[in-house]
Amino acid sequence: MEMPVTERLGLHIKRVEQELMAAKHAALRPLGLTVPQYVALYTLDDQPGLSAAALARACLVTPQTIATVLANLEAKGLIARQPHPWHRKVVEVRLTQDGRGLLAEADAKAVAIERRIADGFSSEERALLIDLLARASSQLTVAPQQD
C-alpha cells in the first residue's frame, strides 16, 4: 500500500514539532535551560510535590530521562527533593524560589513562541486544529479494528 509523501500526515506533524522544539531550544538556551528542563519546571509549578515517576509520565519522558533532568535542575538549585510526609519511599519534587523565578522568564519566552503559531490562525481555525490533532491522537490510541 503506497501513500504519496504529501499525504503522510505524520511527516507534516513531525516537521512542525521539530520546528517548535528548535524555536523553544533557541529561546531557552540563554537562560541555561533545555526544553525538557523547562517542561519539568512548568509541570512542577502546576503540580508541586510530584514524584519523579509521576513527573516522567506527566512530561511524556522515560524515568531515565527525568532522572537526568532532575539531577541537572537540582544542581542548579531550581528544585528541591524531600521525602513524602507519609510515604517515606516516595520523594516529592518542588520548585525552589530560584526555580519559580527562572520558570517565569522561560515561560514568557515559550508563550511568545506559542503566540507566533496561534497568530497564524483565526480563533475558529485554532479550535479546529486542536480538534483535528485530538482526533489524530485518538486514532493512534484506540485499538485497530479487525478486518
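Look up: the structure comes first, before these words.
Trainee: Summarise helix 4 (residues 63-75); cite the residues concerned and give the values.
Mentor: Residues separated by three or four positions in an α-helix point in the same direction, a consequence of the helix having 3.6 residues per turn. Look at helix 4: 18 Å from first C-alpha to last across 13 residues, which is about the 18 Å you get at 1.5 Å a residue. Taken together, the buried positions of helix 4 are Ile66, Val69, Leu70 and Leu73. One face of helix 4 carries all of its buried residues, which in axial projection span an arc of 100 degrees. For helix 4, the exposed residues set more than 90 degrees away from the buried face come down to Gln64 and Ala75. Contacts made by the buried residues of helix 4 are with helix 2 (35-46), helix 3 (52-59), strand 1 (79-83) and strand 2 (91-95). Taken from the residues just after helix 4, Gly77 is the one with a positive phi, measuring 75 degrees.

Trainee: Tell me about the packing of aromatic side chains, and name the residues and values.
Mentor: For the structure shown, the criterion picks out 1 aromatic pair. Taking 5.9 Å as the distance between ring centres and 45 degrees as the angle between the ring planes, the aromatic pair formed by Tyr38 and Tyr42 counts as tilted. One end of the pair, Tyr38, and the other, Tyr42, are both in helix 2, 4 residues apart, so they sit about a helical turn from each other. Take Tyr38: its relative accessible area is 7%, and that puts it in the buried class. Taking the relative accessible area as the measure of exposure, Tyr42 reaches 44% and is therefore partly exposed.

Trainee: Tell me about a nonpolar patch on the surface, and name the residues and values.
Mentor: A surface patch of nonpolar side chains, about 510 Å² in accessible area, is lined by Leu9, Ile13, Ile117, Phe121, Leu129 and Leu133. Of all the secondary structure elements, the ones that give two or more residues to the nonpolar patch are helix 1 (9-28) and helix 6 (123-141). You can see Ile117 is positioned in helix 5 (residues 97-118).

Trainee: Explain the nonpolar core residue by residue, including any values.
Mentor: Counting 25 residues, the largest nonpolar core has Leu33, Leu41, Leu55, Ile66, Leu73 and Ile79 as its most contacted members. Looking at this core, the elements with two or more residues in it are helix 2, helix 3, helix 4, strand 2 and helix 5. Looking at which element gives the most residues to this core, the answer is helix 2, with 5 residues. Residues in contact with Leu55, not counting those within four places in the same chain, are Ala40, Thr43, Leu44, Leu50, Ile66 and Leu70.

Trainee: Quick rundown of the pattern of salt bridges? Include the residues and the values.
Mentor: Within this structure, the stated rule accounts for 5 salt bridges. Across the salt bridge formed by Glu19 and Arg15, the nearest N and O atoms sit 3.6 Å from each other. With a gap of 4 residues between them, Glu19 and Arg15 both fall in helix 1, about one helical turn apart. Residue Glu19 is classed as partly exposed on the basis of its relative accessible area of 47%. One salt bridge in this structure joins Arg94 and Glu92, with 3.3 Å as the shortest N-O distance.

Reading guide: rules and limits
- Residues numbered from 1 in each chain as written.
- Predicted model: local features only at pLDDT ≥ 70, side-chain atom pairs only at ≥ 80, totals over all residues.
- Heavy atoms only, no water.
- Helix = DSSP H or I, 4+ residues; strand = E, 2+ residues; numbered from the N terminus.
- Expected span 1.5 Å × (residues − 1).
- Buried < 20%, exposed > 50% of the residue type's maximum accessible area, 1.4 Å probe, protein only.
- Arc of directions from axis to C-beta.
- Contact = heavy atoms within 4.5 Å.
- Phe/Tyr/Trp six-rings, centres within 6.5 Å; stacked < 30°, edge-to-face > 60°.
- Patch = residues over 30% accessible without salt bridge, like charges linked within 9 Å, V, L, I, M, F, W, Y side chains within 5 Å.
- Areas by Shrake-Rupley, 256 points an atom, 1.4 Å probe, with all protein chains shown as cover.
- Salt bridge = Lys/Arg side-chain N within 4 Å of Asp/Glu carboxyl O.
- Core = buried A, V, L, I, M, F, W, Y, C linked by side-chain atoms within 4.5 Å.

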